[in-house]
Each structure stands twice: as structure tokens, then as C-alpha cells.
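# Residue-level structure breakdown
Listed below are the residues making up each chain.
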Amino acid sequence: MLKIAIIGSGTMGNGIAHVFAQNGYQVSLVDINEQSLEKALIIISKNLDRQVNKEVISSDKKKSTLSNIKTFTNLKEGVESADLVVEAATENESIKLNIFKELDQLSPQKAILATNTSSISITKIAAATNRPEKVIGMHFMNPVPIMKLVEVIRGYNTSDETTLQIMSLSKNLGKVPVEVNDYPGFVANRILMPMINEAIYSLQEGVAGVEEIDTVMKLGMAHPMGPLQLADFIGLDVCLSILKVLYEGFGNPKYAPCPLLINMVQAGHKGVKSGSGFYIHTPGNKDLVVAEQFKKLHH
């Protein structure tokens, strides 16, 4: 059985660790912050409890899943025996490039180095290593334990062998892998982010209010949540950084981020993570409450 190391224990990292561990893989979860690791284990445990309550898994399965995860604050110790490393750190290019330089030195020569980036060039990340043929994108969707898709992104130098291994590994996790090539935003975000951006423009220009825009997309296009609610859920700062990657990568004005989005992020309104975005988010409250500043946008 392959040994897996996950770098970063945030929302995506703990979700990826959960899925690998639940499928019987030995997982090393690595983060510079001990408290983040403790918090990650609590979240994984709660998510497993949910699966037990829904009778998706047994309580024995919960125990074995948790016992498959070991945590590390030391990168070298975390990756030194890994067959596959999945990086799920902050969506920041320079942070990722530095991590991959280190991973290249600290992990075994045979190890595949994958990144969970949602938009940053795999080719550029691979170029920071001496094994570009073994570098690939494994873009999981949030929440990882529930969402089936894995976007498998081939960098310019990624080998067929590496791609086949990651495609079959994704299937072993019960996921549906889709192979895509390395262009800004790949497929998911290249299509999703302009839609979210257009929804924000529609709001800024007073075409309709927050709930109205979301209702049109939910009922008219059968989306499970509207684009503004989804933007809050993803994080408005993350949406902004992906739009910047698209804008810089293609040099096409159609990807330019809406000024309202830029203002909101600068003001600290980042969606669920900050408590407010297009909606107000209070822990434990499932009702959608439109943020104050958007209640008076109607013309």
C-alpha cells in the first residue's frame, strides 16, 4: 500500500487526509502549526461521526481511519518515506514553489509530488523540482469526503506513467478523475470563476439583489447553490486570486475581477471564513441572511 503525505492541514488538507485514511492508506499529515494539526484531527473525527450516524461507515471504520493518520510539524520526518506527497497549502504561488523545492530534496526519488492547487500552473511548480515528470495536479473539490471529482492536471513534462498512477489511485479513493491539461484555471475554475465574477457584476450594476441572482441560477440552471453563496463558501479572497491568475495567464480583459469583489476582499469581507461576504455567516445558523450593505442595492 502506498504511503501518503499531505502538506497543509486546513480545509482541503484535512479532507484529503480523511479520504486517503478511510480507504486504508497510511497518511502523514504535515503542518508547521501544532494547533492546526490538532484542529484538523477534531474536524476529521466530527466528519467521520457524521458518516457513522448516516450509517455510511461503521464505528470500527472510524477508529481505523483515525489510526491511519499520523501528524508531523517537521517536513522531513513527514515525507521521508512517502510514495506520494499531496501539497494542500495556501493558494499562493511563492509558498507553493518553496514547498516543492523542499519536497524535491526531502522526499524519496521515487515519490510523485502532487499539488491540490485550483489555478496555479503545474508546469511552473514542476520546474522548481528536479523531477518534473513526477509532478502533477490533483485538484480535489470541497468538501473532499463528499465531492466525487478530482481534476488530474498534467504539467508540460508530466509523464504518462505518473498520470496513469494518479488516475487509478483517484479511482481507488472512490473518486471520478478527469484528466486535463495545464492552462490557467484548468477546467473547473476557468468556467466557474467568470460565472461568479459575472454574478458580482450583475449585483454591482444593480441588475438584481443577492438572493434574486442566486435564485435565478438555482432554479433556472439547477445549481445546488447560487454563485454568490458559492463564492462566500469558496472564500472571496480565493475567488479573487484565481481571477487574477486567469487575467494574467490569458491577458484577456474578460477575466478582470469585478471592482466590488476587490473592495470586499480589501475590507476583510471574505465570506464564510470571515463571517460575512454577500451573506452573513454565523456558526450553527443555516439560514441565508443577506449582508446589510446589499439590502439597499435595489433601484
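The structure under discussion appears in the preceding block.
Parameters and conventions
Residues numbered from 1 in each chain as written. Predicted model: local features only at pLDDT ≥ 70, side-chain atom pairs only at ≥ 80, totals over all residues. Heavy atoms only, no water. Core = buried A, V, L, I, M, F, W, Y, C linked by side-chain atoms within 4.5 Å. Buried < 20%, exposed > 50% of the residue type's maximum accessible area, 1.4 Å probe, protein only. Helix = DSSP H or I, 4+ residues; strand = E, 2+ residues; numbered from the N terminus. Contact = heavy atoms within 4.5 Å. Axes fitted to C-alpha atoms, helices over the stretch in contact; angles between N-to-C directions. Parallel < 35°, antiparallel > 145°, perpendicular 65-115°, else oblique. Left-handed = near helix turned anticlockwise from the far one by under 90°. Nonpolar A, V, L, I, M, F, W, Y, C, P; charged D, E, K, R; others polar. Pairing = 2+ DSSP bridges.

### Notes on the nonpolar core
Within the largest apolar cluster, 32 residues are counted, with the highest numbers of intra-cluster contacts made by Ile 6, Phe 20, Leu 84, Met 138 and Phe 140. The biggest single contributor to this core is helix 1 (residues 11–22), with six residues. In this structure Met 138 touches Phe 20, Leu 84, Val 86, Ala 114, Thr 115, Asn 116, Val 150, Glu 151, Ile 166 and Ser 170, once residues within four positions along its chain are discounted. Counting residues in hydrophobic clusters, the runner-up holds 27 residues, among them Leu 230, Ile 242, Leu 260 and Met 264.

### So, the packing of helix 2 (residues 34–53) against helix 3 (residues 59–67)
A pair of packed helices can be characterised by two numbers: the angle between their axes and the separation between those axes. Close contact between helix 2 and helix 3 brings their axes to 9 Å; oriented N to C, the two are set at 160 degrees. Taken together, the axis directions place helix 2 and helix 3 in an arrangement best described as roughly antiparallel. The chirality of how helix 2 crosses helix 3 is right-handed. Taken together, the residues of helix 3 that come into contact with helix 2 (itself represented by Leu 41, Ile 44, Ser 45, Leu 48, Asp 49 and Val 52) are Ser 59, Lys 62, Thr 65 and Leu 66. Of the residues belonging to the contact of helix 2 with helix 3, the class tally is five nonpolar, three polar and two charged.

### Overview of the sheet that holds strand 1 (residues 3–7)
Strand order in this open sheet of eight strands is 3-2-1-4-5-6-7-8, and the pairing throughout is mixed. The outermost strands of the open sheet, each flanked by one partner alone, are strand 3 (69–72) and strand 8 (176–181). Taken pair by pair, the neighbouring strands of this sheet meet at an average axis angle of 25 degrees, ignoring direction. As defined by bridge partners, strand 7 (residues 149–154) adjoins strand 8 across six bridges and the pair is classed as parallel. By the bridge assignment for strand 8, Val 150 is matched with Pro 177. Here helix 2 sits on the sheet and contacts strand 2 (26–30) and strand 3; the angle it forms with strand 3, its principal contact strand, is near 160 degrees.

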